[in-house]
Amino acid sequence: MTEDVAGAVVRQWREAEPDAVLLDGFHALKHALRFGAEVRLTVTSDRQAVLALARELADDLSGVLAESVVEIPARALRELVPRVHTTAVAALAVRRDAAANAQTLSRLPRLSPIVVLDNPRNLGNVGAVVRLAAGFGATGVVTTGDMDPWHPNVVRAGAGLHYATAVEHRSLDELPPGPLYVLDPEGEDIRSVEVPDDALIAFGSERHGISPELRSRATRLVALPMRPQVSSYNLATSVAMTLFHWGGPPAVAPA
C-alpha cells in the first residue's frame, strides 16, 4: 500500500471515529458481523493473517472479510488503536439503534429476562456480563448510574456481542416493565425460586451492592448459595449463576 492510500484510510477512520463503535480484535469483529452490525471500515496490519483466522474460526465470514479488510502499516494501526489487539485488526461500526433497543426492552411478553446492573463501576465486568447475556439469550442488559455501557472497554470485554442483545443505560424511573428480582444476601435461596421469563434481574455494584432505591422496588429478593464467611462473587459469576438457574437458551443437539 502506498503512503497516499494509507493516509487516505487513516483520514477516513478519523472522520468516522467520533460517532462509531470501536470493534477491537477479530472476535469482536466476528460477533458484530454475525449479529448484523453495520461495519464502516476494517483495518489490519496483516491482512493475510486476518483472512486465515476467518477461515479457521469464522468461515461464514470469509467472503465478507476478504472484500472489506484493508491493510495499513503497523505504525498507522498503532496511531488509530493505541493498544493494538493481538489479532492486529480493528473496525468501526454503527452503534446498534437505540430506538430498536428501547422497543425490544419494553416489549411484553418477553421470552427471556433483562439483566439490570445497578451502578456498576468496572468496565470489564460490564462487558463480561454483556457477553454472558448474549450467550444465554437474555433480552438485554440495562445499566444505571454514570457508566456508558457502550464504552470502548466494555465493547472490547463483551467481544462485540453488544450487537446480539439490547444494551442500554436507564435511570431507575426508566427501567423496562416486568417483575423485579433483586439479588440480595437477605433474599430467598434462588434454588427455591422460579425466575420468570419476563423478569428484570438486578445485580448491585461491585463495591456497594444494590442501592436502597432499587431494593425498595423489588418484587422479590433472591440470594445465591454461598459458603459462610465468603463475602461475594464476582459480578459476571453472579449473573452467570442466575441466568443458568433461569434456564438459558434451548439445548442444541450436536451435529
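A quick note: this is a predicted structure, and the numbers were derived from the prediction, not measured. (Residues numbered from 1 in each chain as written. Predicted model: local features only at pLDDT ≥ 70, side-chain atom pairs only at ≥ 80, totals over all residues. Heavy atoms only, no water.)

Undergrad: Requested: an account of the sheet that holds strand β9 (residues 200–203), with residues and values cited.
TA: One open sheet accounts for six strands, arranged β7-β6-β5-β9-β8-β10; its pairing is parallel. In the strand order of this sheet, the two ends are held by β7 (166–169) and β10 (220–223), each with one partner. Across the sheet, the axes of successive neighbouring strands diverge by a mean angle of 35°, strand direction being ignored. By the bridge criterion, four bridges tie strand β6 (residues 140–143) to β7 in an arrangement that is parallel. Note on β7: the bridge partner recorded for Gly140 is Ala166. Its contacts with the sheet place helix α6 (residues 98–106) against β5 (114–117), β6 and β7, and it is angled at close to 100° to β7. Contacts between helix α7 (residues 123–136) and the sheet are confined to β5, β6 and β7, with β6 contributing the most and set at about 155° to the helix. (Pairing = 2+ DSSP bridges. Helix = DSSP H or I, 4+ residues; strand = E, 2+ residues; numbered from the N terminus. Axes fitted to C-alpha atoms, helices over the stretch in contact; angles between N-to-C directions. Contact = heavy atoms within 4.5 Å.)

Undergrad: I'd like to hear about the pairing of strand β4 (residues 89–94), residue by residue, with values.
TA: When you tally the buried positions in β4, you get five out of six residues, the bulk of the element. In this sheet, β4 lies alongside strand β1 (residues 20–24) in antiparallel orientation, the contact comprising five bridges. Within β4, the position partnered with Ala20 by the bridge is Val94. Note: strand β2 (residues 39–44) against β4, five bridges, orientation antiparallel. Looking at the pairing, Leu41 lines up with Leu92 of β4. (Buried < 20%, exposed > 50% of the residue type's maximum accessible area, 1.4 Å probe, protein only.)

Nothing here speaks to function; it is geometry throughout.
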